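If you want the building blocks of each chain, they are given just below.
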Amino acid sequence: MQNQLRVYNSLTKKKEIFEPINPPFVGMYVCGPTVYSDVHLGNVRTFLSFDIIYRYLTHLGYKVRYVRNITDVGHLESDADEGEDKISKKAKLENMEPMEIVQKYSNDFHRVTAKFNILDPNIEPSATGHIQEQIKMIEKLIEKELAYEINGSVYFDVLKYNETEKYGMLSGRVVEELMAGSRELDGQEEKRNTVDFALWKNAGPLHIMRWESPWGTGFPGWHLECSVMSSKYLGERFDIHGGGMDLKFPHHECEIAQSVGATGKQPVKYWLHTNMLTVNGQKMSKSTGNSFLPEELFTGNHELLNEPYSPMTVRFFMLQSHYSSTLDFSNDALKAAAKGYKKMMNGLVLAKDLKYTNDDSLEINPKTVNQINGIIDNCYRALNDDFNTAQAIAQIFNLLKKINSISTGNLKTAEIGEEVFDKLIHTFITLIVDVLGLKEEKPSDVEGIINIILDLYKQAKQVKDYDKVDEIRRKLKQYGVTLKDMKEKVGWAYEEQ
RNA sequence: GGUCUCGUGGCCGAGUGGCUAGGCAGAGGUCUGCAAAACCUUUUACGGCGGUUCGAAUCCGCCCGAGACCUCCA
């Protein structure tokens, strides 16, 4: 491939050539969900974007270790001292154990990602599974005087850190401005400064999630888990850290501060941020109440939807935009995506069946050959340009035209030669299936289809076309379906042996 | 208020200093028992006003409009 992969690095605000720290290995960490409620489509978009990144890096031959965490403690409702833990709050609300909440929504999350054909990460660590490591990191930060303990809670001292390092590099914040602009929130007296953030929180007597620590019973702060788990599984310095745009500040900023504070190293080489899904131009989020649940989409059961949309339709829809742009969610757009997706899948079915046919009477048409080679190059150029799936899909549609032409006989395979033919088919299938992760959605009503065959079977019987009858019976058997002639009707059953 | 992003044709959405994005929709044609698909051709364009340039939708400035982050959010 003549051109190299380039990625947009949020830290440097530039597109950079992607060069892993230890090729061919790539370490990638993505902030996963906080499992306190159902994931909505906005969440899905982020995980889908990183799914593509994971798939493409793998496709390029990198050995990727993909770590995506599950946040199951420490994510507070607000930054105030008595800010409630999201999991804990939900547990009280639903009268369940916190770990039941965690399990329930983790299961839901996995079910949803599977539906969208999002690959599982290699490691999926949880915050509660790494309490010891978090405590150790806090101790290290206290030792370096970058953190202070007060009333059983420990805070990161942003001002102290900022004396030698630069807090706010990623999000373009200036500490002084943050101090000036920050509002006085209730219960922040404990902190030395409003910009400080919690590493460990003292658990009040009623708090249900609690662990022993050198500072008493408590629970870890949200930002810490990612620093701890990424360094544990990917090392103090790794290649890619990803997450939604909205995590840039404060979450990722805090992560950098913690890691740099503890190790003296910039933890991440490339920061990648995905943009938001919007509805009527507004960010989709739980708090604004404009979020869609995947299930509502699949059933069409939502006031803003006039029909259901399948998981692959939505996947295709999202891939038609670039991950760093906002994407607006609407019926018209989804409907158009549904058609485009089906068109592509019809091509996939054809491509899998196409065979090369020799024809000595035909000469190779260099123009067509060049065209096909050019389109394939464009596909890779697009994906190499910061994983531009939108552009890649446009090019894949150009490949599709060639495939359809071959299928209808307008283009003879001999005109492009066997080598180019193989390349065309292979690239087309690989990009769609392996890189974009799109798959066929077969008709789910198999029974309905069997019934149509039963009707044909009955008709054949009526006219005593027993060859046909036997043929239908034999062919269905290959699929594990046995026909049964009964007194009143024809039935079917799963073949028992 | 601070920081930042965006504004593309009927819709969605790429892209970019001069070379066809693509999908959906529309128009015409080829094919066709019907229908569909497919293929070919084709119409609508870069928020406004200035500037830089041989040339800008693409760079710069101003204005208008929309949005994000600064508080939980992917």
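Residues numbered from 1 in each chain as written. Chains lettered and ligands numbered in written order. Predicted model: local features only at pLDDT ≥ 70, side-chain atom pairs only at ≥ 80, totals over all residues. Heavy atoms only, no water.

Re the sheet that holds strand S13 (residues 327–329)
Here comes step 1: Pairing is mixed in the open sheet, where 3 strands are placed in the order S12-S11-S13. Sheet topology places strand S12 (282–283) and S13 at the edges, where each strand pairs with a single neighbour.
Here comes step 2: Pairing of strand S11 (residues 277–279) with S13 involves 3 bridges; the strand directions are parallel. Note that in S13 the partner of Leu-277 across the bridge is Leu-327. (Pairing = 2+ DSSP bridges. Helix = DSSP H or I, 4+ residues; strand = E, 2+ residues; numbered from the N terminus.)

Focus: the nonpolar core
Here comes step 1: Grouped together as the largest cluster of nonpolar side chains are 95 residues, with contacts concentrated most on Leu-41, Leu-297 and Phe-329.
Here comes step 2: In terms of residue count, helix H1 (residues 41–59) provides more of this core than any other element does, 10 residues in total.
Here comes step 3: Three or more residues apiece are contributed to this core by two domains, here domain 1 (6–274) and domain 2 (282–435).
Here comes step 4: Those residues within four positions of Leu-41 in sequence are excluded, and the remaining contacts are Phe-116, Leu-277, Met-284, Phe-292, Pro-294, Leu-297, Met-318 and Phe-329.
Here comes step 5: The next biggest cluster of nonpolar side chains, apart from the first, holds 39 residues, and it includes Leu-11, Val-67, Val-154 and Leu-224. (Core = buried A, V, L, I, M, F, W, Y, C linked by side-chain atoms within 4.5 Å. Buried < 20%, exposed > 50% of the residue type's maximum accessible area, 1.4 Å probe, protein only. Domains from an automatic or database assignment. Contact = heavy atoms within 4.5 Å.)

A short note on the protein's contact with RNA strand B
Here comes step 1: Lining the immediate surroundings of RNA strand B are 53 residues, of which His-75, Lys-86, Trp-222, Leu-247 and Met-284 lie closest.
Here comes step 2: Close to the protein, within 4 Å, the atoms of RNA strand B are drawn from sugar and phosphate at a rate of 79%.
Here comes step 3: Arg-173 places a polar side-chain atom, nitrogen or oxygen, 3.0 Å from a sugar or linking oxygen of RNA strand B.
Here comes step 4: For the surface near RNA strand B, the elements supplying multiple residues, two or more each, are H1, helix H6 (175–181), strand S9 (238–244), S12, S13, helix H11 (331–353) and helix H13 (389–408).
Here comes step 5: Sorting elements by how many residues they give to the surface near RNA strand B places H13 first, with 9 residues. (Near = heavy atom within 4 Å. Polar contact = N/O pair within 3.5 Å; in protein donor to acceptor, adjacent residues only side chain to side chain.)

Brief notes about the packing of aromatic side chains
Here comes step 1: Scanning all chains against the criterion turns up 16 aromatic pairs.
Here comes step 2: Measuring from ring centre to ring centre gives 4.9 Å for Tyr-54 and Tyr-66, while their planes differ by 50°; the resulting arrangement is tilted. Pair noted here: Tyr-54 is in helix H1 and Tyr-66 is in strand S4 (residues 63–68), with a separation of 12 residues, a long-range link.
Here comes step 3: Judged by its relative accessible area of 12%, Tyr-54 is buried.
Here comes step 4: By relative accessible area, which is 1% here, Tyr-66 ends up buried.
Here comes step 5: Sitting over the ring of Phe-249, Arg-173 keeps its end group 4.4 Å from the ring centre.
Here comes step 6: A cation over a ring is seen here: Arg-192 above Tyr-148, with NZ or CZ 3.9 Å from the ring centre. (Phe/Tyr/Trp six-rings, centres within 6.5 Å; stacked < 30°, edge-to-face > 60°. Lys NZ or Arg CZ within 6 Å of the ring centre and 35° of its normal.)

Comments concerning the pairing of S9
Here comes step 1: Burial within S9 is extensive, with 7 of its 7 residues counted as buried.
Here comes step 2: Strand direction decides the pairing type here: strand S3 (residues 25–30) and S9, joined by 3 bridges, are parallel. Considered in S9, the bridge of Met-28 is made with Ile-240.
Here comes step 3: Once you follow S9 into helix H8 (residues 248–263) and on to strand S10 (residues 268–274), the crossover reads as right-handed. (Right-handed = clockwise from strand over helix to strand, strands pointing away.)

Focus: the domain arrangement of chain A
Here comes step 1: Parsing chain A into structural domains produces domain 1 (6–274), domain 2 (282–435) and domain 3 (446–494).
Here comes step 2: The straight-line distance from the C-alpha centre of domain 1 to that of domain 2 is 35 Å.
Here comes step 3: Residue-level contacts link 34 residues of domain 1 with 36 residues of domain 2.
Here comes step 4: In this assembly, domain 1 packs against domain 2 so that about 3000 Å² is buried in total across both faces, 63% of it on carbon and sulfur atoms.
Here comes step 5: There are 4 salt bridges connecting domain 1 and domain 2.
Here comes step 6: Elements with a contribution of two residues or more to the side of domain 1 that touches domain 2: strand S1 (6–9), H1, helix H3 (98–115) and S10.
Here comes step 7: Among the elements that line the side of domain 1 that touches domain 2, the one with the most residues is H1, at 13 residues.
Here comes step 8: Of the residues contributing to the side of domain 1 that touches domain 2, the split by class is 16 nonpolar, 9 polar and 9 charged. (Buried area = accessible area lost by both parts, 1.4 Å probe. Salt bridge = Lys/Arg side-chain N within 4 Å of Asp/Glu carboxyl O. Nonpolar A, V, L, I, M, F, W, Y, C, P; charged D, E, K, R; others polar.)

Brief notes about the side chain of Asn-117
Here comes step 1: The topology assignment puts Asn-117 in the loop between H3 and helix H4 (131–143).
Here comes step 2: With residues up to four places along the chain from it excluded, the contact list for Asn-117 reads Asp-51, Arg-55, Met-312, Arg-315, Gly-437 and Lys-439.

Thoughts on the side chain of Gln-258
Here comes step 1: Mapped onto the elements of the fold, Gln-258 is located in helix H8.
Here comes step 2: A relative accessible area of 0% places Gln-258 in the buried class.

Section: the environment of Asn-370
Here comes step 1: By the secondary structure assignment, Asn-370 is in helix H12 (residues 366–384).
Here comes step 2: In this structure, the C-alpha to C-alpha distance between Asn-370 and Val-420, residues 50 residues apart in sequence, is 9.6 Å.

Some words on unusual backbone geometry
Here comes step 1: Cis geometry is found at the peptide bond from Pro-23 to Pro-24, where omega equals 5°.
Here comes step 2: Along the chain, the position of Pro-24 falls in the loop between strand S2 (14–17) and S3.
Here comes step 3: Cis geometry is found at the peptide bond from Phe-249 to Pro-250, where omega equals 0°.
Here comes step 4: The phi dihedral of Asn-95 falls on the positive side, at around 55°, and the residue is not glycine.
Here comes step 5: Among the structural elements, Asn-95 can be located in the loop between helix H2 (86–94) and H3.
Here comes step 6: The backbone of Phe-387 sits at a positive phi, close to 55°, despite the residue not being glycine.
Here comes step 7: As for its placement among the helices and strands, Phe-387 is situated in the loop between H12 and H13.
Here comes step 8: Under the relative-accessibility criterion, Phe-387 is labelled buried at 3%.

Here we look at the pattern of salt bridges
Two side chains carrying opposite charge are able to pair once their charged atoms lie near each other.
Here comes step 1: Tallied over the entire structure, the rule returns 21 salt bridges.
Here comes step 2: Its salt-bridge partner being Arg-192, residue Asp-157 comes within 3.2 Å of it at the nearest N-O pair. Of this pair, Asp-157 sits in the loop between strand S6 (153–156) and helix H5 (158–164) while Arg-192 sits in the loop between H6 and strand S7 (197–202), and the two are 35 residues apart along the sequence.
Here comes step 3: Overall, the relative accessible area of 55% leaves Arg-192 in the exposed class.
Here comes step 4: Put simply, Lys-461 and Asp-485 hold a salt bridge, and the shortest N to O gap is 2.6 Å. Of this pair, Lys-461 sits in helix H15 (residues 446–462) while Asp-485 sits in strand S14 (residues 481–485); the two residues are 24 residues apart in sequence, bridging distant segments of the chain.
Here comes step 5: A relative accessible area of 38% places Asp-485 in the partly exposed class.

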